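Results of the structural survey
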Amino acid sequence: MAATDQAMKRVWEESFAEQIARQAYNTAPAEAVIRTVSYYLRDRAEHGVAPAGMQFLEMGCGAGPNLLWLAQKGIAVSGVDVAPTALGLARETLERNGYGKQIGQLLEASVSAVPLADASFDGIVESCVFQHLGRADREAAFREVARLLKPGGVFVGYMLDAGHTIYRMKAGQDLPDDPGTLVLQDGKSKVYLSNIGVSHFFRREEYESLLAGFRVIDPCLTTYYIPKAEAAKRGYTEYLQSMWTVYAVK
Ligand SMILES: C[S@@+](CC[C@H](N)C(=O)[O-])C[C@H]1O[C@@H](n2cnc3c(N)ncnc32)[C@H](O)[C@@H]1O
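Here's a quick rundown of the structure. (Residues numbered from 1 in each chain as written. Predicted model: local features only at pLDDT ≥ 70, side-chain atom pairs only at ≥ 80, totals over all residues. Heavy atoms only, no water.)

**Considerations on the overall build of the protein**
Worth spelling out the cut-off: Only DSSP runs of H or I reaching four residues or more are called helices, and only runs of E reaching two or more are called strands; each is numbered from the N terminus. Computation of the radius of gyration draws on C-alpha atoms alone. For the globule rule, the value is 2.2 Å times the number of residues to the power 0.38. With a 1.4 Å probe rolled over the protein chains alone, any residue whose accessible area is under 20% of its type maximum counts as buried; one over 50% counts as exposed, and the rest are partly exposed. In this description, contact between two residues means that some pair of their heavy atoms is separated by no more than 4.5 Å. Accessible surface is estimated by sampling points in the Shrake-Rupley manner with a 1.4 Å probe; for residues, cover comes only from the protein chains shown. For the purpose of charge, His is not counted, nor are the chain termini; Lys and Arg are scored as positive and Asp and Glu as negative. For charged residues, the charge sits on one atom: NZ in Lys, CZ in Arg, CG in Asp, CD in Glu.
Within the protein, the regular secondary structure consists of eight helices and nine strands. The globule rule puts the C-alpha radius of gyration for 250 residues at 18 Å, and the 17 Å found for the protein is close to it. Residues classed as buried in the protein amount to 52% of the 250 residues present. Put simply, of all contacts in the protein between residues at least 6 apart along the chain, 69% involve residues at least 24 apart. Only carbon and sulfur atoms are counted for the fraction: they give 52% of the accessible area of the protein, which is about 11,500 Å². Positive and negative side-chain charges of the protein, numbering 26 and 29 respectively, have mean locations separated by a distance of 3 Å.

**Quick look at the side chain of glutamate 144**
Spelled out, the test is: Counted as a polar contact is a pair of N or O atoms within 3.5 Å, where, for protein atoms, one must be capable of donating a hydrogen and the other of accepting one, and residues adjacent in sequence contribute only when both atoms are in side chains.
For glutamate 144, the location among the structural elements is in helix H5 (residues 135-148). Within the structure, the side chain of glutamate 144 is placed 2.7 Å from the backbone nitrogen of valine 114, a separation counted as a polar contact.

**Here's the deal with the pattern of salt bridges**
Test applied: Any Lys or Arg side-chain nitrogen located within 4 Å of an Asp or Glu carboxyl oxygen qualifies as a salt bridge.
Counted according to the given criterion, the structure contains twelve salt bridges. Ionic pairing is found between arginine 147 and aspartate 118, a salt bridge with its closest N-O pair at 2.7 Å. Within this pair, whereas arginine 147 is found in helix H5, its partner aspartate 118 is found in the loop between strand S3 (103-108) and strand S4 (121-127), the two being separated by 29 residues in sequence. Classification of aspartate 118 by relative accessible area gives exposed; the value is 53%. Among the ionic pairs, lysine 150 bridges to aspartate 122, the shortest N-O distance being 3.2 Å.

**What to know about unusual backbone geometry**
The phi dihedral of alanine 119 is positive, around 50 degrees, even though this residue is not glycine. Look at alanine 119 and you get partly exposed, because its relative accessible area is 36%. The residue cysteine 128 is not glycine, and still its phi comes out positive at about 65 degrees. Structurally, cysteine 128 is set in the loop between S4 and H5.

**So, the site of the ligand**
In plain terms, the rule: For this purpose, a residue is taken to be near a molecule or strand whenever a single non-hydrogen atom of the residue falls within 4 Å of it. Side-chain classes are defined by residue name, with Ala, Val, Leu, Ile, Met, Phe, Trp, Tyr, Cys and Pro counting as nonpolar, Asp, Glu, Lys and Arg as charged, and the others, Gly among them, as polar.
Around the ligand there are 20 residues in total, and Asn26, Glu58, Gly60, Asp81 and Val111 lie nearest to it. The side chain of asparagine 26 places a nitrogen or oxygen atom 2.9 Å from an oxygen atom of the ligand. Between the ligand and the protein, one listed contact pairs a nitrogen atom with a backbone N or O atom of glycine 60 at 2.8 Å. For the ligand, the protein covers 92% of the area, taking 590 Å² as the surface of the free molecule. When residues of the shell around the ligand are traced back to their parent elements, those giving at least two are helix H1 (3-21) and helix H3 (65-72). Broken down by element, the residue count for the shell around the ligand peaks at three residues, all from H1. Considered class by class, the residues forming the shell around the ligand number twelve nonpolar, six polar and two charged.

**A few points about the sheet that holds S4**
Inclusion rule: Here, any two strands with at least 2 DSSP bridges between them count as paired. Lines fitted to C-alpha atoms define the axes, with helix axes restricted to the stretch in contact, and inter-axis angles between N-to-C directions lie between 0 and 180 degrees.
Pairing is mixed in the open sheet, where seven strands are placed in the order S3-S2-S1-S4-S5-S9-S8. Each of the sheet's edge strands pairs with one partner strand only, and the pair in question is S3 and strand S8 (216-225). Adjacent strand axes in the sheet meet at a mean angle of 15 degrees, parallel and antiparallel pairs treated alike. Where strand S5 (residues 149-160) meets strand S9 (residues 240-249), seven bridges bridge the pair, whose relative direction is antiparallel. The residue bridging valine 156 from the neighbouring strand is tyrosine 247, located in S9.

**Focus on the pairing of S4**
With seven of its seven residues buried, S4 lies for the most part within the structure. Sheet topology note: the strand S1 (residues 55-59)/S4 ladder contains three bridges and is parallel. Note on S4: the bridge partner recorded for leucine 57 is isoleucine 124. When S4 meets S5, the two strands line up parallel, connected through six bridges. Within S5, the residue paired with phenylalanine 121 across the bridge is leucine 149.

**Quick notes on the nonpolar core**
Keep this limit in mind: In these notes, a set of buried Ala, Val, Leu, Ile, Met, Phe, Trp, Tyr and Cys residues joined through side-chain atoms within 4.5 Å is what counts as a nonpolar core.
Ranked by size, the top nonpolar core spans 43 residues in total, and within it Val37, Phe56, Leu70, Ile75 and Phe201 carry the most contacts. Mapped onto this core, the elements with two or more residues apiece are helix H2 (31-42), H3, helix H4 (84-96), S3, S5, helix H6 (165-170), strand S6 (181-184) and S9. Dropping the residues within four chain positions of it, valine 37 is found in contact with Phe56, Trp69, Leu70, Val125 and Val156. Listed in part, the 30 residues of the second largest apolar core include Met8, Met59, Ile124 and Leu210.

Quick look at the structure:
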């Protein structure tokens with residue numbers, strides 16, 4: 001594993017230790033992922049169940065809520081993550097819910113260098129992962145998406161947009177060689193974005209080059225204010241989530 005991946009592993013292992021202690025790790029599939037993968041499956045699944053043999057990969061699978069939802073649709077699921085604790089939680093979640101047989105591979109690896117064969121997957125999902133990569137790793141992760149997908153396969157990504165409250169508050173503090181990227185370190189809880197380190201806030205035009213060669217590239221923007229009480233917990237009076245859901249077909 002590269003030095004940057006080792007550093008990321010430390011950050012995320014620390015984050016998961018805190019998330020487990022506070023019972024705060026994510027157990028809910030991302031609504032954007034469900035909605036968008038559902039569009040893709042609508043033409044292919046019967047009664048909401050995917051055709052036999054369909055394989056999806058989640059890059060940065062965390063504790064596995066998206067994998068569980070995909071498995072419930074009949075899909076064979078694989079995940080990569082830098083944090084072994086996350087992979088353990090993902091396996092436990094899938095097995096406890098009766099989907100152990102649908103697990104392909106759960107691998108400790110970086111999304112920027114996935115040790116799996118070309119054109120292995122019908123679908124790839126990433127949710128709140130690519131946004132935490134520095135420029136070189138981010139570009140490599142998108143190249144891995146293109147390499148790992150079968151022709152006609154779908155990529156669904158869920159990532160920060162430059163209209164997000166945190167980016168708007170810190171505009172001008174971008175890394176000089178990577179516009180849109182901040183290093184967020186407020187010294188508080190690693191459960192929240194504001195202390196998670198490198199965070200990239202995407203702009204629509206970036207996807208054309210990051211996903212060059214894809215037949216369909218359709219970034220959809222969702223914005224919503226989180227409840228004031230939750231914003232206050234994070235130290236904000238008002239907190240706008242502004243997120244891209246990227247739907248792309250190779
Ligand atoms: C915000 S969590 C999201 C987890 C999951 N996708 C979800 O939606 O619940 C980010 C996840 O990405 C993983 N991660 C961060 N950088 C990574 C990298 N370079 N390669 C693989 N996994 C990474 C972390 O360990 C963590 O599990």
